[in-house]
Amino acid sequence: MLSVIPSLQPLWLTLKVAGVATLSAFLAGVALAFLLAKGRFRGKEWLDAFLTMPLVLPPTVLGYYLIVLVGRNGWIGRRLYEAFGVTLMFTWQGAALAAAIVSLPLVLKSARAAFEGVDQNLEKAALTLGLSKTGVFFRVSFPLAWRGILAGTMLAFARAMGEFGATLMIAGNLPGKTQTLSLAVYSAVQAGNDSLAATLVLITSLVCIIVLVSSGSILKTSYLKEINR
Amino acid sequence: MKRAIFYLVSLLCSLMLSFCFVEAASAEQELIVSAAASLTNAFGEIGKKFEIANPGTKVVFNFGASGALLQQIDKGAPVDVFASADQKTMDQAAEKGLIISGARKDFASNELVIIIPHGAGTPVKALQDLSAREIGKIAMGNPETVPAGRYAQEVLTNEGLWERLKPKLIFGESVRQVLDYVSRGEVDAAFVFATDAAVAKDHVIVALEAPKHKPITYPISVVGSTKNRDLAGRFVDFVLSGQGREILFTYGFKKP
């Protein structure tokens, strides 16, 4: 039983990385989705395609882009290092960045569809009744679209938890620092430590089931509340 | 229109299915060689020469950390030849009865070196310099699976530096990943084999040779579960032949 205790550390790290990644993907995703759904500007569909790319690209391609961009000699990474002396390579923040980028399209796609499903007449009515544009967003558009957004966010969290390829490339596989559950399973199997691998696999499966069941029931109860209203 | 789409989709599906079987019917004889990551360049060339010398054979390489390759063979991967970067991994393979022990031979040796990125500001002249504050991150292979990492751990432990340097260490999945970290300047120093440093000599500088470790010799053997016993034996002989040795020398490997 004692051997189980140290192996819980990757779980907390995974939840931290996935949590931060999902929050970032949620904020950026909702804002961008609203822009894409309601905005009118040139190259809109190109922007959508660009932001959806992480969903289609192999994680290794994404990992390469990230190393080239935010690595210590990277385009952004060099400036970051010179200005603040920090680098995202080999840190859990780097892992969170990778996970946020791969899960962004999941929030974006469902949020955009949800915003587009909101009746425009309601938004226009709110405007004529004197609400500001931000007021319309927070009091009309978002409340009506939030079920779709929540479903997308749930998927984003699941995707962030399982992120492997890009994370391995940018954050490395450092036990105690950047070794998330998926990386820990990989290391345990590579080293032939089957009992540790089995423990980690069980923990991961259990957490995923809990997340799916609980978020599913949140969606359901809130839907029931809505139609009873 | 709908019917046309239906026909098109079923045509595509049957085409996909047929692809699955075409591969199995290929006439070429395939030899799968699992080899240590540090052998990537040298074995790539040896493989090409072997294919020329043995028409109708195709050598498929599986490069990776020796320890990881051992696990794959242990779990039943259809490998014909195994070459590791240390004796320990091959000993483990022998203990588990995975290799044909009579076919095991040492074919090369190597040196462990400490490298720094090209144009790095901080020189490393002795092992003790690694504990300087200017050296922020030091990469090495994961000692659990990567032989180069295992040798590096041995060096640092014998020098009494292991505990002190531990917070700075970044473990790579193979010696080539470690090499890449230094080439990109993501770490300030790293332990790799001399032959790896030579492959990336435009990006890295060899600071010093690592002292105090067991001699680094590479063993090769035929895997017990092979179905191409004869061809696998011929590949091992080819690596040990004059032609094989010559290729290994050009990449910086030494006599075992």
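Note that the coordinates shown come from a computational prediction; the quantities given were computed from them, not determined experimentally. (Residues numbered from 1 in each chain as written. Chains lettered and ligands numbered in written order. Predicted model: local features only at pLDDT ≥ 70, side-chain atom pairs only at ≥ 80, totals over all residues.)

> I would appreciate a short explanation of the overall build of chain A in the present structure.
Tallying secondary structure elements over chain A gives ten helices and zero strands in all. Counting from the amino terminus, chain A carries its helices and strands in the arrangement α-α-α-α-α-α-α-α-α-α. Along the three orthogonal principal directions, the C-alpha set of chain A runs to about 65 × 45 × 30 Å. A burial count over chain A gives 38% of its 229 residues as buried. (Helix = DSSP H or I, 4+ residues; strand = E, 2+ residues; numbered from the N terminus. Buried ≥ 20, exposed ≤ 12 C-beta atoms within 10 Å, placed from the backbone.)

> What is the right way to look at the overall build of chain B in this model?
A tally of regular secondary structure across chain B gives ten helices and ten strands. By its C-alpha atoms, chain B is 70 × 55 × 35 Å across when sized along the principal axes. Residues classed as buried in chain B amount to 41% of the 256 residues present.

> Any chance you could explain the sheet that holds strand β4 (residues 105-110) of chain B here in plain terms?
Through backbone hydrogen bonds, the strands of a sheet pair up, either in parallel or in antiparallel fashion. Residue and element names in this part refer to chain B. Strand order in the open sheet formed by five strands is β2-β1-β3-β10-β4, and the pairing between neighbours is mixed. In this open sheet, the two edge strands, each paired with only one partner strand, are β2 (57-64) and β4. This sheet shows a mean twist of 20 degrees between the axes of neighbouring strands, independent of strand direction. Bridge count for strand β1 (residues 29-36) against strand β3 (residues 81-83) is three bridges, and the pairing is parallel. Each bridged residue has a counterpart across the sheet, and for Ser-34 the counterpart in β3 is Phe-82. Set on the sheet, helix α2 (residues 40-53) makes contact with β1 and β2; between it and β2 the angle comes to about 170 degrees. (Pairing = 2+ DSSP bridges. Axes fitted to C-alpha atoms, helices over the stretch in contact; angles between N-to-C directions. Contact = placed C-beta atoms within 7 Å.)

> Any chance you could explain the domain arrangement of chain B here in plain terms?
A common measure of how large an interface is: the accessible area buried when the components associate. All names here are of chain B. When its domains are assigned, chain B resolves into domain 1 (26-109 + 217-250) and domain 2 (112-209). Each side of the interface is counted separately: domain 1 has 15 residues, and domain 2 has 15 residues. Counting only elements with at least two residues in the side of domain 1 that touches domain 2, the list comes to α2, α3 (66-74) and α4 (87-95). With three residues, α3 is the single largest residue contributor to the side of domain 1 that touches domain 2. Among the residues forming the side of domain 1 that touches domain 2, the class breakdown is five nonpolar, eight polar and two charged. (Domains from an automatic or database assignment. Nonpolar A, V, L, I, M, F, W, Y, C, P; charged D, E, K, R; others polar.)

> Can you walk me through the packing of helix α6 (residues 120-128) of chain A against helix α7 (residues 133-162) of chain A in this structure?
When two helices pack together, their arrangement is given by the angle between their axes and by how far apart the axes lie. All names here are of chain A. Close contact between α6 and α7 brings their axes to 10 Å; oriented N to C, the two are set at 145 degrees. Where α6 crosses over α7, the two elements pack in a sense that is right-handed. Touching Leu-122, Glu-123, Ala-126 and Leu-127 of α6 are Val-136, Val-140 and Ser-141, all from α7. Looking at the contact of α6 with α7, its residues break down into five nonpolar, one polar and one charged. (Left-handed = near helix turned anticlockwise from the far one by under 90°.)

> Explain the environment of A:Tyr65 to me, please; I cannot follow it from the model alone.
Residue and element names in this part refer to chain A. Examined against the element boundaries, Tyr-65 turns out to sit in helix α3 (residues 59-70). A residue is classified by how many C-beta atoms lie within 10 Å of it, and Tyr-65, with 18 of them, is partly exposed. The spatial distance from the C-alpha of Tyr-65 to the C-alpha of Ala-166 is 9.2 Å, given a sequence separation of 101 residues.

> Would you mind going over the interface of chain A and chain B with me for this structure?
Facing the 13 residues of chain A at the interface are 13 residues of chain B. Residues that form the side of chain A that touches chain B fall into these classes: six nonpolar, six polar and one charged.

> What should I look at first to understand α3(B) in this one?
Residue pairs three or four apart in sequence face the same way in an α-helix, which turns once every 3.6 residues. Among all positions in α3(B), only B:Ser66, B:Gly67, B:Ala68, B:Leu69, B:Leu70 and B:Ile73 are buried. Residues of α3(B) that are buried make contact with α9 (181-190) of chain A together with β1, β2, β3, α4 and α5 (147-158) of chain B. At the C-terminal side of α3(B), B:Gly76 shows a positive phi close to 100 degrees.

> I keep staring at the sheet that holds strand β7 (residues 169-172) of chain B and nothing clicks. Help me out?
Residues and elements named next belong to chain B. Ordered in space as β7-β6-β8-β5-β9, the five strands form an open sheet in which the pairing is mixed. Edge positions in the sheet fall to β7 and β9 (204-209), since each of these pairs with one other strand and no more. Along the sheet, successive strands turn relative to each other by an average axial angle of 35 degrees, direction set aside. As judged from the four bridges shared by strand β5 (residues 112-117) and strand β8 (residues 189-193), these two strands associate in the antiparallel manner. Within β8, the position partnered with Val-113 by the bridge is Val-192. Here helix α7 (residues 175-183) sits on the sheet in contact with β5, β6 (138-141), β7, β8 and β9, set at roughly 140 degrees to β8.

> Even after reading the chapter, I still don't get the confidence of the model for chain B, so can you show me in this structure?
Should pLDDT be low for a region, the predicted coordinates there are not to be read in detail. Chain-level pLDDT for chain B is 90 on average; 95% of the residues reach the 70-or-more range. For this predicted complex, the interface score ipTM comes out at 0.72, while the overall pTM is 0.80. (pLDDT = per-residue confidence, 0-100.)

> Sorry, what's going on with the nonpolar core here?
As a rule of thumb, soluble globular proteins bury nonpolar side chains together. Counting residues in each nonpolar core, the largest one holds 125 residues, and the members touching the most others are B:Val81, B:Ile115, B:Ala190 and B:Val192. Examining the composition of this core, we find that 16 residues originate from one element, helix α5 (residues 92-117) of chain A, more than from any other. If you count residues domain by domain, this core takes at least three from each of domain 1 (26-109 + 217-250) and domain 2 (112-209) of chain B. Each residue touching B:Val81, except ones within four places of it in the same chain, is listed here: B:Leu31, B:Val33, B:Ile220, B:Val222, B:Val223, B:Ala232, B:Phe235 and B:Val236. (Core = buried A, V, L, I, M, F, W, Y, C linked by C-beta atoms within 7 Å.)

> It is not clear to me how the confidence of the model for chain A should be interpreted in this structure. Could you clarify?
Model confidence for chain A is summarised by a mean pLDDT of 89, while 96% of its residues fall at 70 or above. Considering each helix and strand of chain A separately, the mean pLDDT is smallest for helix α10 (residues 194-228) of chain A, with a value of 83, and largest for α5(A), with 96.

> I keep staring at unusual backbone geometry and nothing clicks. Help me out?
One non-glycine residue, A:Phe90, lies in the positive phi region at around 60 degrees. Looking at the element boundaries, A:Phe90 is found in the loop between α4 (77-84) and α5.

> How should I be thinking about the packing of α2(B) against helix α9 (residues 229-240) of chain B in this particular structure?
Residue and element names in this part refer to chain B. Between α2 and α9, the shortest axis-to-axis distance is 11 Å and the interhelical angle comes to 120 degrees. Judged by the angle between their axes, α2 and α9 are oblique. Between α2 and α9 the crossing geometry is right-handed. Residues Ile-46, Phe-50 and Ala-53 of α2 touch α9, and the partners they reach there are Phe-235, Phe-238 and Val-239. (Parallel < 35°, antiparallel > 145°, perpendicular 65-115°, else oblique.)

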